[in-house]
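Summary of the model geometry
Chain by chain, the residues run as shown.
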Amino acid sequence: LFRRGNTKLNMTIDQGAALVIDRARFELGKQRYHDKYSNFLITPQQKDYVLEAGILWSPERRANLTLQNLLSKRILVGIVERMPESLLLLKDVLDGNREASGLFKFLLSNEGQELANIGFRNRTIAIVEHIRDNVDALDLVQEYIKYESLIYKLALQVHERQYRWVELQLTTNSRAQRTLP
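Residues numbered from 1 in each chain as written. Predicted model: local features only at pLDDT ≥ 70, side-chain atom pairs only at ≥ 80, totals over all residues. Heavy atoms only, no water.

Points about the side chain of threonine 66
Position of threonine 66 relative to the elements: it lies in helix H4 (residues 59–72). Other than its neighbours up to four places away in sequence, threonine 66 contacts Ser38, Leu41, Ile42 and Ile151. (Helix = DSSP H or I, 4+ residues; strand = E, 2+ residues; numbered from the N terminus. Contact = heavy atoms within 4.5 Å.)

Okay, here's the thing in structure tokens:
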């Protein structure tokens with residue numbers, strides 16, 4: 001189902017869902033929430049300031065700072081579930097002059113997309129559906145990921161705006177090139 005270190009864990013959907021539910025129950029029992037996005041979206045300077053000033057890192061404070069950074073920092077938001085769009089954004093940033101199109105051509109092709117999604121997407125969807133079927137488990141997991149959920153929803157909006165902007169630039173540039181003598 002996923003890798004932890006070098007050990008591949010092969011689990012059924014039931015076992016994967018149980019692992020998620022158990023983790024959520026354990027972490028919430030210790031007053032901890034899932035908090036991975038903040039690790040990438042809070043700057044080292046912000047982390048240093050909090051440590052130096054002795055500020056308590058509450059989940060709410062970390063989430064709010066992360067949300068603020070999503071809106072105020074110059075970042076590119078890639079969304080795994082929207083890999084073709086994310087790759088196009090990355091291509092625009094890394095290859096604005098269109099000099100390395102071959103590299104991205106494969107990644108944006110159907111074959112490249114299938115390779116990126118081998119098995120994981122279907123299993124993840126199945127585990128999520130399994131958890132959704134159990135109202136108590138769903139409530140527990142939603143509580144555990146509530147801050148990540150807020151961050152994800154805003155990141156998705158930022159991603160969609162960035163993608164629309166790149167699409168517009170590509171369309172505008174394409175039209176301009178066709179009308180040049």
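Examining the nonpolar core
In this structure, Ala63, Leu67, Leu70, Val77, Ile79, Tyr147, Ile151, Leu154, Ala155, Leu156 and Val158 together form the largest nonpolar core, which totals eleven residues. Here this core takes six residues from helix H10 (residues 146–179), the largest share from any one element. By size, the runner-up hydrophobic cluster in this structure holds ten residues, among which are Ile21, Leu28, Ile131 and Ala137. (Core = buried A, V, L, I, M, F, W, Y, C linked by side-chain atoms within 4.5 Å. Buried < 20%, exposed > 50% of the residue type's maximum accessible area, 1.4 Å probe, protein only.)

Notes on the packing of aromatic side chains
Summed over the entire model, instances satisfying the criterion amount to one aromatic pair. With centroids separated by 5.0 Å and ring planes inclined at 85°, the aromatic side chains of tyrosine 33 and tyrosine 147 adopt a geometry described as edge-to-face. One end of the pair, tyrosine 33, is in the loop between helix H1 (13–29) and helix H2 (37–41); the other, tyrosine 147, is in helix H10, with 114 residues separating them in the sequence. Here arginine 62 stacks its cationic end above the ring of tryptophan 57, 4.9 Å away from the centre of that ring. (Phe/Tyr/Trp six-rings, centres within 6.5 Å; stacked < 30°, edge-to-face > 60°. Lys NZ or Arg CZ within 6 Å of the ring centre and 35° of its normal.)

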